[in-house]
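Geometric and topological summary
In case you want the letters, here they are:
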Amino acid sequence: MASSPHQVVAPQPQSQAQAGGGGGGGGGTAEQFWSLLDKADRRFARVRDLPLFGRREPDEYGKAFRIYTQLWRMQQEHRHRLLDAGLRRWQVGEIAARIAHLYYSQYQRTSDTALLSEAFVFYHAVLDRGYFLADAADHLFAPTKHLRFLARFLLVALLLARRADTVPRLTTHIRTLLDDSKKTLQEADYKEWKHVVQEIARFLRADSPFINMRPLRYSYAFDPPPDTLPTVPPTVKKRGLVLSDAMLCSYYQNEIKFTDLTIDVFRMLQCLEWEPCGSFALTNGYSTRDESGQNHPNLLKDLRDAALPPNPLKTILYRPSVTHFLTVLATKCEELPSNGMMLIYLSAAGEVGSSGFCPDTNEMVVSSLNKFDISNTSTINVNEDNGPRLWLGCREGEGSNCIYPCDLIPFTRRPLFLVIDSNASYSFKAALQSIHGFEKGETTAMLLSPSCRSSSAGFSGDSVRQIGSQFTMFLTAPLQAFCHLIGNNGVDIDRDTYNKAEELLSLSLNEWATTLVASSSLHPVWVEVLGDPLLRRLLLRFIFCRAAHSIFKPTYHKVDFLPTCTPPLPESVDAESMLSQCCLLRVASFFGATNQFSFSEVTTWPEVDVEEAAVVNPSI
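Residues numbered from 1 in each chain as written. Predicted model: local features only at pLDDT ≥ 70, side-chain atom pairs only at ≥ 80, totals over all residues. Heavy atoms only, no water.

Enumeration according to the criterion identifies 28 aromatic pairs in this entry. Ring geometry for Phe 203 against Phe 266: centres 5.1 Å apart, planes inclined by 70 degrees, an arrangement best described as edge-to-face. One end of the pair, Phe 203, is in helix H9 (residues 187-206); the other, Phe 266, is in helix H10 (residues 263-271), and 63 residues separate them in sequence. With a centroid separation of 5.5 Å and 80 degrees between ring planes, the pair formed by Tyr 251 and Trp 391 is classed as edge-to-face. Note that Tyr 251 is positioned in strand E1 (residues 242-251) and Trp 391 in strand E6 (residues 389-391), a separation of 140 residues in sequence. (Phe/Tyr/Trp six-rings, centres within 6.5 Å; stacked < 30°, edge-to-face > 60°. Helix = DSSP H or I, 4+ residues; strand = E, 2+ residues; numbered from the N terminus.)

We now examine the pairing of strand E9 (residues 445-448). The alternating pattern of E9 places Ala 445 and Leu 447 and Met 446 and Leu 448 on opposite faces, both of which are buried. The pairing of E9 with strand E10 (residues 564-566) spans 3 bridges and is classified as antiparallel. Counterpart to Leu 447 in the pairing with E10 is Cys 565. (Buried < 20%, exposed > 50% of the residue type's maximum accessible area, 1.4 Å probe, protein only. Pairing = 2+ DSSP bridges.)

A word on the side chain of Ser 469. Here Ser 469 is to be found in the loop between E9 and helix H14 (470-476). Judged by relative accessible area, which is 0%, Ser 469 ranks as buried. A polar side-chain atom of Ser 469 sits 2.2 Å from a polar atom in the side chain of Asp 421. From its side chain, Ser 469 meets the backbone nitrogen of Phe 471 in a polar contact 3.3 Å long. (Polar contact = N/O pair within 3.5 Å; in protein donor to acceptor, adjacent residues only side chain to side chain.)

Taken as a whole and assessed by the stated rule, the structure comprises 5 cavities of 30 Å³ or more. The space that makes up the largest cavity amounts to roughly 450 Å³. The wall of the largest cavity is formed by 32 residues, among which Asp 223, Ser 506, Leu 509, Arg 537 and Arg 541 lie closest to the centre. Taken together, the elements giving at least two residues each to the lining of the largest cavity come down to helix H15 (478-485), helix H16 (495-518) and helix H18 (533-551). Of the residues that constitute the lining of the largest cavity, the class distribution is 18 nonpolar, 7 polar and 7 charged. (1 Å grid on protein atoms, 1.4 Å probe; cavity = no way out; pocket = protein on both sides within 12 Å on 5 of 7 lines; lining within 4 Å. Points joined across faces, edges and corners; volume = space filled by probe spheres on them. Nonpolar A, V, L, I, M, F, W, Y, C, P; charged D, E, K, R; others polar.)

Attention now moves to the layout of surface pockets. Here the largest pocket is characterised by a volume of approximately 1,400 Å³. Residue lining of the largest pocket: 43 residues in total, with Leu 52, Tyr 104, Gln 108, Thr 259 and Asp 260 positioned closest to the centre. Grouping the constituent residues of the lining of the largest pocket by class yields 20 nonpolar, 10 polar and 13 charged. When we break the lining of the largest pocket down by domain, the ones giving at least three residues each are domain 1 (29-209) and domain 2 (213-276 + 309-352 + 399-596). (Domains from an automatic or database assignment.)

This part takes up the nonpolar core. The biggest cluster of nonpolar side chains holds 148 residues, and the ones touching the most others in it are Phe 417, Leu 447 and Phe 482. Of the residues forming this core, the biggest block, 12 residues, is contributed by H18. Once residues lying within four places of it in the same chain are set aside, the contact partners of Leu 447 are Phe 417, Leu 418, Val 419, Ile 420, Phe 471, Leu 475, Trp 526, Leu 538, Leu 539, Phe 542, Thr 564 and Cys 565. Core analysis: the next-biggest nonpolar cluster, separate from the first, contains 30 residues, Leu 390, Ile 409, Tyr 426 and Phe 428 among them. (Core = buried A, V, L, I, M, F, W, Y, C linked by side-chain atoms within 4.5 Å. Contact = heavy atoms within 4.5 Å.)

To continue, consider the pairing of strand E4 (residues 313-317). The two faces of the sheet receive side chains in turn, since in a regular strand these alternate between them. With respect to burial, E4 is a largely interior element, 4 of its 5 residues being buried. Sheet analysis places E1 next to E4, joined by 5 bridges and oriented parallel. Directly across from Ala 246, in E4, lies its bridge partner Lys 314.

The next subject is the environment of Asp 41. With respect to the helices and strands, the residue Asp 41 is situated in helix H2 (residues 29-48). In the structure, Asp 41 is positioned 23 residues away from Ala 64 in sequence and 9.1 Å away in space, judged by C-alpha atoms. What Asp 41 contacts, discounting residues up to four positions off in sequence, is Tyr 68 and Arg 98.

Moving on to the packing of helix H6 (residues 113-129) against helix H8 (residues 166-180). Interhelical geometry of H6 versus H8 gives an angle of 50 degrees and a closest axis separation of 13 Å. On the basis of the axis angle, H6 is oblique to H8. For the crossing formed where H6 meets H8, the hand is left-handed. Contacts between H6 and H8 pair Phe 120, His 124, Leu 127 and Asp 128 from the former with Thr 166, Arg 169, Leu 170 and His 173 from the latter. Classifying every residue of the contact of H6 with H8 by side-chain character gives 3 nonpolar, 3 polar and 2 charged. (Axes fitted to C-alpha atoms, helices over the stretch in contact; angles between N-to-C directions. Parallel < 35°, antiparallel > 145°, perpendicular 65-115°, else oblique. Left-handed = near helix turned anticlockwise from the far one by under 90°.)

Attention now moves to helix H5 (residues 89-110). Residues separated by three or four positions in an α-helix point in the same direction, a consequence of the helix having 3.6 residues per turn. Here H5 is 22 residues long and its end C-alpha atoms lie 32 Å apart, about the 32 Å a rise of 1.5 Å per residue gives. Most of H5 sits out of view: 19 of its 22 residues are buried. (Expected span 1.5 Å × (residues − 1).)

With respect to the helices and strands, the residue Ala 349 is situated in strand E5 (residues 340-351). As a C-alpha pair, Ala 349 and Tyr 251 span 98 residues in sequence and 7.5 Å in three-dimensional space. For Ala 349, the residues in contact, after removing those within four places along its chain, are Tyr 251, Tyr 252, Arg 389, Leu 390, Trp 391, Ser 422 and Asn 423.

Of note, Arg 162 is situated in the loop between helix H7 (142-159) and H8. In sequence terms Arg 162 and Phe 120 are 42 residues apart; their C-alpha atoms lie 9.9 Å from each other.

Another point: the packing of H15 against H16. It is at 10 Å that the axes of H15 and H16 come closest, and there the two elements cross at 105 degrees. Here H16 runs roughly perpendicular to H15, going by the angle between their axes. Contact with H15, carried on its side by Pro 478, Leu 479 and Gln 480, involves Tyr 498, Ala 501, Glu 502 and Leu 505 of H16 and no other residues of that element. In the contact of H15 with H16, the residues fall into 5 nonpolar, 1 polar and 1 charged.

Moving on, we get to the confidence of the model for the protein chain. It should be kept in mind that the predicted coordinates are not to be read in detail where pLDDT is low. Overall, the prediction assigns the protein chain a mean pLDDT of 80, with 76% of residues at 70 or greater. Mean pLDDT per element in the protein chain: helix H1 (residues 14-19) is the minimum at 41, and H10 is the maximum at 96. Confidence drops under a pLDDT of 50 for residues 278-300, and excluding neighbours within four residues, the segment shows 58 contacts in the predicted structure. With pLDDT under 50 throughout, residues 608-620 is counted as low confidence; its partners more than four residues away or in other chains account for 23 contacts. (pLDDT = per-residue confidence, 0-100.)

See below:
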């Protein structure tokens, strides 16, 4: 297709790019180039303003890619002539950086990680060739362009887990450039970029080497291939739903973020993707693999394998107004495939009104629903609002900033998988369970965080501002979350020890999965969830999280500290079941933390060593 972004020619070595500088072209080459550059600027501005959701690709993307392809080829073929005509190196760099940004924007729309790798190639070319090292005449505006380029490249490098070389290199460049530009930047700009540098430092501390020992994405190197997963018996009725779309929204005051990407959404985003070509099978984000040199033949080795399932389309919303949130949700639900399931991830502080924390009762929900009954002639006081809600902290002047559980009720006509990480998560369970008594709709699968956070060992009410949410970490990096829970920050864990612990955890998750698919009381919603590898992984990690909190001594038998789910799961995987106790003991014993949990008194516990675990579960 003519609009395919993959038709942009990748950067070539500097010598090759300049080799055609004296070749062909008429005397109007420079004029053609400047005219084309002006058109490209306008195209780029239009693309930048497009919404990043919707299954239909806007024509503007194809037009922008075509015109930037022409520009890139023209500057390669006529480099010397254009330089003589006044072309500056930073202008060449800006063309390449904009091509990279177009690839990144396409990734945001399609979730295709091949586009992310393409963006990396162009960004890397700009960095290594020093296109933004300003001439004296450009010193008034070049630093800002250079900083903006480095920040965008850093975001792509983080999403691709290029933590061995590229991420440290970029952070050093940003700090150095900002220090060198202090006298040339306006005071307001300098303060803004100083704040960005502080954000980067906090983000990298939270996204530590411990978190990146294994990919957060679903990797064939470490996760079982989908065709080897235990499945429900053929006699069980299945609709064959798959996770096709996701909405990710997170906001807390003073939370860890970089640009508009919070640490929790950053982790959840990767957790809902497939690892491209198993690049972590050979190395990992902190290895010494060669990330230097934009012309290295393996730079594109992370392009997605065509045999991998497509990533679900994901839309990230940061501090949206409720109107914008519901508009995006309505659009995505309208375009949801017939066999698709929508995941909604909401991580935000709960507000409860002047009356304090509302009880989790059906009466409160029914009363709320009655307000919307047109046959109810009683006067409604719109200012009387004491129900729990999530505060999204939308920007000033952008409308309402609270999401209520009843806001999601119209969308329960489609299959939903809801992950709520908030102290008001309980209210969504009450509201969405009660609605099924009023009208027919899909049963919503929900994973709900505890309403209170453990103040022990690494997690507290302020932990969101230090390492991210505990509940989200359990869903995306469960072993690391467990270590933080027991007070182990991972500093002293070597790779061999970590791998053995991961193998034991994988064995436990596999046993929970086998028990679930064999259960005769498994709700049809969970049958569908178990059929999707990405959703299955979230559910199994939730079971691990619930088991850990249920028998963790500081939270033992304290309902407010326990995560919940609906519909309920079979009793065979409850925290009090022998299976869950054995699975948790296996992991806790490895870290010498059994004294921190209240295990049931039994005579013997089954012992499984790492070698046996690898035999039982060869996929780990």
